[in-house]
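Chain by chain, the residues run as shown.
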2 protein chains.
Amino acid sequence: MRRSNDDAASEPGGDLLPDAADHARQYASVRRAHETELIEDYVELIGDLLAAEGEARAVDIARRMGVRQATVTKMVGRLSELGLVKSLPYRSIFLTDQGQAVAERSRKRHVVVLQFLRAIGVSDATARIDAEGLEHHVSDETLEVMRRFIADLQ
Amino acid sequence: MRRSNDDAASEPGGDLLPDAADHARQYASVRRAHETELIEDYVELIGDLLAAEGEARAVDIARRMGVRQATVTKMVGRLSELGLVKSLPYRSIFLTDQGQAVAERSRKRHVVVLQFLRAIGVSDATARIDAEGLEHHVSDETLEVMRRFIADLQ
DNA sequence: CGAAAAACTTAGCTAATGCTAATCTCTTTA
DNA sequence: TAAAGAGATTAGCATTAGCTAAGTTTTTCG
């Protein structure tokens, strides 16, 4: 007997196996986040470097991302195609307005997540690591909840 | 004047630009999580299907992951190489002991993150979506903090 | 200034994950 | 039981993101 039973686990209490279509949507959402994740990380880092040092050079991006310069060059090309950065060969890299907006949004997200983790009692070192991974998977709603949580502590 | 200044932003208050080596480690950590993420999702889903329905078939995995059956076949091959699942052609899929361990750990993680999100006031629908994305980026330390947070509410 | 060093780019490779189209196997059912 | 339908697999393609090695450009410094 072979038969799909997607309805087998739709009892409200079950934390496992939600409705199949919803489930697929969840994973689709993760995959989507996944695609923009790296892009946002690069753009955010470029923004941070510009803010901290006035320029963003491939060698610094490479060092901080922990990748090779060749990888940075390739990625910058991709960011350029996406209209997020402007760059001329052998020159340092700048953000377009659109890139700046992305960087700013990522930075804000990052800070909220980081502060939230610290607020609930996670150590600084761990909070930094986790924030980097978590920031791209936190919805606007959750971010707002975190923001309020931090605010309520003061 | 071209010169790297990794020390430019090491003042304690700065949430941006940590020490370059640490920064690279953070990203490396995210990349590592990234690699295991999908694998864990598949294994966890297979475990959930086995628990809920007694068998895990490619068609159901595909439907729930929101992916084509061909993709599932390929992925199952990969999981098999990794020693996480056992499968014979045209037969349904089972977890090895190692796979079972991975599934269990993922499931526990998932539940803690989900409950935590609900506990801080995130809506159920959003919590489900976010939990899926967040669970792979939460360190053991943060998970423990979340667990305590939930426990303290009771 | 000119050579060495540093930074950047290009070319070509690999691996992972998705897809479609075509085919094969198994199950159901007329 | 044989044909139709469902499920699974294979082959082949595309994209992304990393790498190394080799070459080019820019910067630094003797």
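First, a word on scope: everything that follows refers to the structure included in this document. Throughout, residues of each chain are indexed from 1 in the direction in which the sequence is written. Think of it this way: whatever chain is written first is A, whatever ligand is written first is 1, and the rest follow in order. Residues qualify for local features only when their pLDDT is at least 70, as the model is predicted, and side-chain atom pairs are given and counted only at 80 or more; totals for whole chains, interfaces and linings, by contrast, use all residues. Heavy atoms from the whole structure form the basis of all side-chain values; hydrogens and water molecules are not counted.

## Looking at the nonpolar core
Ranked by internal contacts, the top residues of the largest apolar core, which has 30 residues, are Val113 and Leu117 of chain A together with Val113 and Leu117 of chain B. Helix numbering and strand numbering both begin at the N terminus, where a helix is a DSSP run of H or I of at least 4 residues and a strand a DSSP run of E of at least 2. Of all the elements in the fold, those that place two or more residues in this core are helix H4 (97–119), helix H5 (124–134) and helix H6 (140–153) of chain A together with helix H4 (97–119), helix H5 (124–134) and helix H6 (140–153) of chain B. Contact definition: two residues touch when any of their heavy atoms are within 4.5 Å. If near-sequence neighbours (up to four positions away) are discounted, leucine 117 of chain A is found in contact with Val122, Ala127, Asp130, Ala131 and Leu134 of chain A together with Thr142 of chain B. Residues grouped as a nonpolar core are buried Ala, Val, Leu, Ile, Met, Phe, Trp, Tyr and Cys residues, joined through side-chain atoms within 4.5 Å. Relative accessibility under 20% of the residue-type maximum defines a buried residue, over 50% an exposed one, and the middle range a partly exposed one, all with a 1.4 Å probe and only protein chains included. Tyr27 of chain A together with Leu50, Leu95 and Ala103 of chain B belong to the second-largest nonpolar core, a separate cluster that totals 24 residues.

## Topic: the protein's contact with DNA strand C
Nearness here has a simple test: a residue counts as near a molecule or strand if at least one of its heavy atoms is within 4 Å of that partner. Near DNA strand C lie 24 residues; those nearest to it are Val59 of chain A together with Arg68, Thr71, Lys74 and Arg78 of chain B. Polar contact is the term for a pair of N or O atoms within 3.5 Å; when the atoms are in protein, one must be able to donate a hydrogen and the other to accept it, and sequence-neighboring residues count only if both atoms are side-chain atoms. One of the backbone N or O atoms of tyrosine 90 of chain A is found 3.3 Å from a phosphate oxygen in DNA strand C. Of all elements in the fold, only helix H2 (58–65) and helix H3 (69–81) of chain A together with helix H1 (20–53) and helix H3 (69–81) of chain B reach the threshold of two or more residues within the surface near DNA strand C. Among the elements that make up the surface near DNA strand C, the one with the highest residue count is H3 of chain B (five residues). In this count, Pro and Cys sit with the nonpolar residues alongside Ala, Val, Leu, Ile, Met, Phe, Trp and Tyr, while Asp, Glu, Lys and Arg are called charged and the others, Gly among them, polar. By residue class, the composition of the surface near DNA strand C is 12 nonpolar, three polar and nine charged.

## Considerations on the interface of chain B and chain A
A common measure of how large an interface is: the accessible area buried when the components associate. Taken residue by residue, the interface counts 63 residues in chain B and 63 residues in chain A. The tally of links from chain B across to chain A stands at 20 residue pairs in polar contact (both at pLDDT 80 or more). Sorting the residues of the side of chain B that touches chain A by element identifies H1, helix H2 (58–65), H4, H5 and H6 of chain B as the ones contributing at least two each. Per element, the largest residue contribution to the side of chain B that touches chain A is 16 residues, and it comes from H1 of chain B. A per-class count over the side of chain B that touches chain A returns 25 nonpolar, 17 polar and 21 charged.

## A short note on the relation of the copies chain B and chain A
With an axial shift of 0.0 Å and an RMSD of 0.0 Å, the rotation relating chain B to chain A amounts to 180 degrees. The superposition of one copy onto the other is thereby described by a two-fold rotation axis. In terms of C-alpha distance to the rotation axis, chain B has leucine 134 of chain B as its closest residue, with the C-alpha 2.9 Å off the axis. Superposition of the copies was done by least squares, using only C-alpha atoms of residues whose pLDDT is at least 70 in both.

## Some thoughts on the pattern of salt bridges
Every case where a carboxyl oxygen of Asp or Glu lies within 4 Å of a side-chain nitrogen of Lys or Arg is listed as a salt bridge. Tallied over the full model, the rule gives 16 salt bridges over all chains. Close ionic contact of arginine 128 of chain A with aspartate 124 of chain A constitutes a salt bridge, the shortest N to O distance being 3.1 Å. A residue pair is termed a helical-turn pair when its members lie 3 or 4 positions apart in one helix, as arginine 128 of chain A and aspartate 124 of chain A do in helix H5 at four residues. A relative accessible area of 15% means that arginine 128 of chain A is categorised as buried. Classification of aspartate 124 of chain A as partly exposed rests on a relative accessible area of 37%. Taking the shortest distance from any N to any O, the salt bridge between aspartate 60 of chain B and arginine 63 of chain B comes out at 2.9 Å. Of the two residues, aspartate 60 of chain B and arginine 63 of chain B both sit in helix H2, three residues apart, roughly one turn of that helix.

## Let's talk about unusual backbone geometry
Residues and elements named next belong to chain A. A positive phi angle is found at tyrosine 90, which is not glycine, with a value near 65 degrees. Its location among the elements puts tyrosine 90 in the loop between strand S1 (85–87) and strand S2 (93–95). Judged by relative accessible area, which is 80%, tyrosine 90 ranks as exposed.

## Let's talk about the environment of arginine 107 of chain A
Residues and elements named next belong to chain A. With respect to the helices, strands and loops of the structure, arginine 107 is situated in helix H4. With relative accessibility at 31%, the residue arginine 107 sits in the partly exposed group. Along the backbone, arginine 107 and glycine 47 are 60 residues apart, and their C-alpha atoms lie at a distance of 8.7 Å.

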